[in-house]
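# Descriptive analysis of the structure
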Amino acid sequence: MQISVQGGDVLATSSGLAVALVHDATTLPKVIAAAFEAGDFTGAANQSLMVYPRSKGAPSRVLLVGLGAKKGIDAERIRQAAATAVRQARGAQVADITLGVATDVALPAAALGQALAEGLELGAYRWFGGRTGISDAESHEIASVTVLTGKQIKALGEGVAVGQAIAGGTNFARDLVNTPGVDKTPPQLAQRAVELGERMPSIEVTVYDEVRLEKEGFGGILAVGKGSDSPPRFIIMEYGKQFKGAPTVCLVGKGLTFDSGGLNIKPAEGMETMKNDMGGSAAVFGTMQAVADLGLEIHLVGLVPSAENMPSGRSYRPGDVVTTLSGKTIEILNTDAEGRVILSDGLHFAGRYKPNAIVELSTLTGAVIIALGNVATAVMATDQSLADQLVAAGQSSGDKAWQLPLWDEYHQMVKSENADLRNLAGRAAGSITAGAFLSAFAGKYPFAHLDIAGTAWLDAPTKPYLPKGGSGAGVRLVTEFLRNLTA
Ligand code: BES
Ligand code: MN
Ligand code: ZN
């Protein structure tokens, strides 16, 4: 979608469809005020109403969208209203719209532009999958949005560009998550990374195939990948090596392209959603794209261990002891706790970059859904300042994160009699013991684990800009964290 910013008043500029984001106390021109006066429109958050002014120079149609109470309008309300607007406008089958925001909204212009662009681009996102025979009316998209403003055109425009980069990365992640497992086997997922590198030449992409993994001793990835006919991969994406003195951050994302559970097979119900088990890698792909698009001055390395967890005569077994890249051994007690096994190699590999921080994202545990639902991502960290920064970035980006502790008691729970660690520690504190397990492979580097099992996939839409299916969780959160690092 083309989003541009121009000077002007949306209610006094002719347009096929004008969108006005207004709050409960907005004073509207008389021709439109009737809707308020009649009580048909109150300005409540995400309420919308089409009105038809009949005056010269005015738009022929105005879509009023509510921002809620004037006091308390923040980026999140703007994002939601913009998403509501684009979906309603699309339903009206118009291609080009103008858009204005109540002039007394107290948000800095850059933040306003960013939130508008995020709402528009995220709200317009759709996944048609393999459906055929979709009508032109159904597949209709808004081609252009012209934001009309009375002031700060430049700052607003800069904010729009930031929002579009972040939303673009988020929608890329959503596409990857929504793609069926058959179309994103580890080699195919690696191909998506290669294409990302072609699209964004500032990202250098390297892929290790199964031969290389064997040679270098990526025992965790190989063990989990053994049961599948599609071989595992390790994907390396590097950006910003040339920025001397800039911080180095490693992002590690779980790229489990389909999680059947392996020999400890999962129940039939809901297994189809386990194509989302590469949501962590999708967030890394999307963040790499957004950061490259923004041109952030940071050295960012994206690492994705990728495998498919399948039951077969070649599968790894409960009771197996696996030697990982780090040399540390893992006793496999349940083949369905595979994420931490492939991540062990990725986290150890991150140490080669001597990073200032390792941020790892994974759809790791069902337990995190019990703890936080689909509302927030869980953060576990070995460094409190890193945890604080991520929680704060969650707050300001709207891609929420909440901390769980990694106390020594939890580290004790993942010790094994037969190996250095065991991949299962029982139901109690299931998300935290998984985090404790992972931290053993991050070495001395400040490490944060983001469990996105509850947030990466939504069974139903939860906000106007969060549709059913892949949500792109983590992209907005981590990009915000990285922007704050470079600010
Ligand atoms: N990929 C799953 C976790 C998951 C669950 C992601 C629900 C998204 C939605 C992970 O590999 C897994 O199977 N975890 C097990 C761990 C258990 C065997 C210790 C779980 O959470 O049940
Ligand atoms: Mn599993
Ligand atoms: Zn899994």
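None of the values given here were measured: they were computed from a predicted structure.

Let us now look at the packing of helix α5 (residues 153–178) against helix α9 (residues 279–294). Put simply, α5 and α9 touch, their axes get as near as 8 Å, and they point 155° apart. Here α5 lies roughly antiparallel to α9, going by the angle between them. In this structure, α5 meets α9 at a crossing whose hand is right-handed. Packed against α5, whose contacting residues are V162, A165, I166, G168, G169, F172, A173, L176 and V177, the element α9 presents G279, A282, A283, F285, G286, Q289, A290, D293 and L294 at the interface. Within the contact of α5 with α9, the residues separate by chemical class into 12 nonpolar, five polar and one charged.

With that settled, the discussion passes to the site of ligand 1. With respect to spatial proximity, 18 residues lie near ligand 1, and among them K266, D277, D336, E338 and G366 are the closest. Note that an oxygen atom of ligand 1 is positioned 2.9 Å from one of the side-chain N or O atoms of E338. Separating a nitrogen atom of ligand 1 from a backbone N or O atom of T363 is a distance of 3.3 Å. Counted by class, the shell around ligand 1 contains six nonpolar, five polar and seven charged residues.

Now for the sheet that holds strand β4 (residues 62–66). Spatially, β1-β6-β5-β2-β4-β3 is the arrangement adopted by the six strands of the open sheet, whose pairing is mixed. Looking along the sheet, the strands with just one partner apiece sit at the ends: β1 (2–7) and β3 (48–51). Averaged over all pairs of adjacent strands, the angle between their axes in this sheet comes to 25°, without regard to strand direction. Contacts between helix α3 (residues 109–123) and the sheet are confined to β1, β2 (18–22), β5 (96–101) and β6 (144–149), with β5 contributing the most and set at about 140° to the helix.

To continue, consider the coordination of the manganese ion (ligand 2). Surrounding the manganese ion (ligand 2) are the protein donor atoms D259 (OD), D336 (O), D336 (OD) and E338 (OE), which sit 2.1 to 2.2 Å from the metal. Around the manganese ion (ligand 2), the six donor atoms sit at angles spanning 71 to 169°, and that spread fits a shape best called irregular. On the primary sequence, the residues serving as donors to the manganese ion (ligand 2) are separated as D-x76-D-x1-E. Between the manganese ion (ligand 2) and the zinc ion (ligand 3), the interatomic distance is 3.1 Å, and D259 donates to each metal, bridging them. Of this pair, D259 sits in strand β10 (residues 255–259) while E338 sits in the loop between β13 (329–331) and α10 (339–350); the two residues are 79 residues apart in sequence, bridging distant segments of the chain. In terms of burial, D259 and E338 fall into one category: buried.

In this section: the coordination of the zinc ion (ligand 3). Tetrahedral coordination by four donors puts the ideal angle at the metal at 109.5 degrees, and octahedral coordination by six puts it at 90 or 180 degrees. For the zinc ion (ligand 3), the full set of protein donor atoms is K254 (NZ), D259 (OD), D277 (OD) and E338 (OE), at a range of 1.9 to 2.4 Å. Note that the zinc ion (ligand 3) binds six donor atoms; their angles at the metal cover 78 to 177°, and the shape is octahedral.

Attention now moves to the nonpolar core. Ranked by size, the top nonpolar core spans 48 residues in total, and within it M237, F285, L300 and L482 carry the most contacts. Ignoring any residue separated from it by four or fewer positions in sequence, one finds F285 in contact with F172, L176, L189, R192, A193, L196, I235, M237 and V304. With 39 residues, the next largest nonpolar core counts F234, L343, A350 and A434 among its residues.

Mapped onto the fold, E121 is located in helix α3. Among all residues touching E121, those that are not within four sequence positions of it are M1, I3, Q164, A167 and N171.

With that settled, consider the pattern of salt bridges. What the rule picks out here adds up to 20 salt bridges. Between K70 and D104 there is a salt bridge, and its shortest N-O distance comes to 3.3 Å. Taken together, the residues K70 in the loop between β4 and α2 (75–91) and D104 in the loop between β5 and α3 connect sequence positions 34 residues apart. With a relative accessible area of 40%, K70 lands in the partly exposed category. Salt bridges sharing common partners tie together E76, R79, E118 and K463.

What counts as what
- Residues numbered from 1 in each chain as written.
- Chains lettered and ligands numbered in written order.
- Predicted model: local features only at pLDDT ≥ 70, side-chain atom pairs only at ≥ 80, totals over all residues.
- Heavy atoms only, no water.
- Axes fitted to C-alpha atoms, helices over the stretch in contact; angles between N-to-C directions.
- Helix = DSSP H or I, 4+ residues; strand = E, 2+ residues; numbered from the N terminus.
- Parallel < 35°, antiparallel > 145°, perpendicular 65-115°, else oblique.
- Left-handed = near helix turned anticlockwise from the far one by under 90°.
- Contact = heavy atoms within 4.5 Å.
- Nonpolar A, V, L, I, M, F, W, Y, C, P; charged D, E, K, R; others polar.
- Near = heavy atom within 4 Å.
- Polar contact = N/O pair within 3.5 Å; in protein donor to acceptor, adjacent residues only side chain to side chain.
- Pairing = 2+ DSSP bridges.
- Donors = N, O, S within 2.8 Å, 3.2 Å for Na, K, Ca; no water.
- Tetrahedral: all angles 85-135°; square planar, octahedral: opposite > 155°, others 65-115°.
- Buried < 20%, exposed > 50% of the residue type's maximum accessible area, 1.4 Å probe, protein only.
- Core = buried A, V, L, I, M, F, W, Y, C linked by side-chain atoms within 4.5 Å.
- Salt bridge = Lys/Arg side-chain N within 4 Å of Asp/Glu carboxyl O.

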